[in-house]
Amino acid sequence: MNEKFFDDYKKFIVAPVDEKLNGKESFDPKNYASHYIMTLSIFDSRITTLKDAGKYEIDVEKSIKTVLKEFNRRHHERYHLQLLELDKFKNYFVLALSSKTEFETNEENDRISFIVDKMLTNPFYVGQGWFNLIGEKGRIARKLFCCSFMKYVIENQDHLKIDKKFESINGFISKNDEIKLVKNF
């Protein structure tokens, strides 16, 4: 065989789509039609706060980040999940769900329930060992989360502009280099 036959093979390399994206595509809210804020708590919980999950050898923050990264990699064409709040001294955490399609008002509950119960539960339940966090009632129902949600609507943000100019952020940076959110009415 002639060794030079495949000399120009680099012109024919096509990277697989999933490998190229691999969940590293940056989140741009403009690419999504609707956004929801979801509060998730453990159904039939055996723990009082998320900090207590350590008793069952579960690192809650690491588990959540692992599942969300995989979820976003797999479902980047339709949905995006982002962790907004995680306080280990509370018994819930808050996620933002963004969907590329708008949910009809009468189907919001069914669609979000499907995402939580079918798409999120198994990776947490089996993959991260969260079945240890629920009691017998939860195991029988194979239900991991209680979920409440509200549609996130971006309000008019004209109040951020002052005479069509943006204020300088330098005045808000304190001496210890922390940036604080200041809202003027």
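Residue indices follow the written sequence of each chain, beginning from 1 at its first position. Given that the model is predicted, a residue must reach a pLDDT of at least 70 before its local features are reported, and side-chain atom pairs must reach 80 or more before they are shown or counted; all residues, however, enter totals for whole chains, interfaces and linings. Note that the side-chain values use all heavy atoms of the structure and ignore hydrogens as well as water.

A.B. asks: Before we move on, can you summarise the packing of aromatic side chains with the specific residues and values?
C.D. replies: Here is the rule: rings of Phe, Tyr and Trp (six-membered ring for Trp) pair when centre to centre is within 6.5 Å. Planes less than 30 degrees apart are stacked, more than 60 are edge-to-face, and the remainder are tilted. Inspection of every chain in the model, using the stated rule, returns ten aromatic pairs. Geometrically, the ring pair formed by phenylalanine 27 and tyrosine 32 is tilted, given 5.3 Å between the ring centres and 35 degrees between the ring planes. The rule is simple: take the accessible area with a 1.4 Å probe, protein chains only, and divide by the maximum for that residue type; under 20% is buried, over 50% is exposed, in between is partly exposed. Judged by its relative accessible area of 30%, phenylalanine 27 falls in the partly exposed class. For tyrosine 32, a relative accessible area of 11% corresponds to the buried category. Ring centres of tyrosine 36 and phenylalanine 103 lie 5.3 Å apart, and the angle between their planes is 20 degrees; this geometry places the pair in the stacked category. Here tyrosine 36, found in strand S1 (residues 34–42), pairs with phenylalanine 103, found in the loop between strand S3 (92–99) and helix H3 (108–127); they are 67 residues apart in sequence, far enough to count as distant. A run of H or I in DSSP counts as a helix once it spans at least four residues, and a run of E counts as a strand once it spans at least two, with each numbered from the N terminus.

A.B. asks: Account for H3, naming residues and giving values.
C.D. replies: An α-helix turns once every 3.6 residues. As a result, residues three or four positions apart point the same way. Under the convention used throughout, the expected extent of a helix is 1.5 Å for every residue step, that is, one less than its residue count. With 20 residues, H3 should cover 28 Å at 1.5 Å per step; its first-to-last C-alpha distance of 27 Å lies within 8% of that length. Helix geometry: H3 is bent most strongly at threonine 121, by close to 45 degrees, with proline proline 123 lying one to four residues after it. Taken residue by residue, H3 has Glu108, Ile112, Ile115, Val116, Met119, Leu120, Thr121, Phe124 and Tyr125 as its buried positions. Whether two residues are in contact is decided by their heavy atoms: any pair within 4.5 Å suffices. Where H3 is buried, its residues meet S1, helix H2 (60–74), strand S2 (79–86), S3, helix H4 (136–141) and strand S4 (145–152). Looking one or two places after H3, you find glycine 129, whose phi comes out positive at around 75 degrees. Fitting axes to the seven residues that end at a residue and to the seven that start at it, the angle between those axes gives the bend at that residue.

A.B. asks: For the pairing of S3, give the residues involved together with the corresponding values.
C.D. replies: Looking down a regular strand, the side chains alternate between one sheet face and the other. Counted residue by residue, S3 has seven buried out of eight residues, so it is predominantly covered. Taken together, the eight bridges between S1 and S3 define a ladder with antiparallel strand orientation. Bridged to serine 34 within S3 is serine 99. Two strands form a pair only when DSSP identifies at least two bridges running between them. In terms of strand pairing, S2 meets S3 through seven bridges, oriented antiparallel.

A.B. asks: Pulling in residues and values, what's your account of the sheet that holds S3?
C.D. replies: Here four strands make up an open sheet; going across it, the order is S2-S3-S1-S4 and the pairing antiparallel. Since the sheet does not close on itself, it has two edges, and those belong to S2 and S4, each with one partner. In this sheet, adjacent strand axes meet at a mean angle of 25 degrees when their direction is disregarded. Most of the contacts of H2 go to S2, to which it runs at about 165 degrees, and overall it touches S2 and S3. Only the stretch in contact is used when fitting a helix axis, every axis being a line fitted to C-alpha atoms; angles between N-to-C directions are given from 0 to 180 degrees. The sheet strands contacting H3 are S1, S2, S3 and S4, and the helix crosses S4 at an angle near 135 degrees.

A.B. asks: I'd like a description of the confidence of the model for the chain, backed by residues and values.
C.D. replies: Per-residue confidence for the chain averages 78 on the pLDDT scale, and 76% of its residues sit at or above 70. Within the chain, H2 carries the highest mean pLDDT (93), whereas strand S6 (residues 165–166) carries the lowest (42). The low-confidence segment residues 19–23 (pLDDT under 50) makes three contacts with residues lying over four places distant or belonging to another chain. Confidence of the predictor in every single residue is expressed as pLDDT, which spans 0 to 100. Segment residues 158–185 is flagged for pLDDT under 50; beyond a separation of four residues in sequence, or across chains, it makes twelve contacts in the model.

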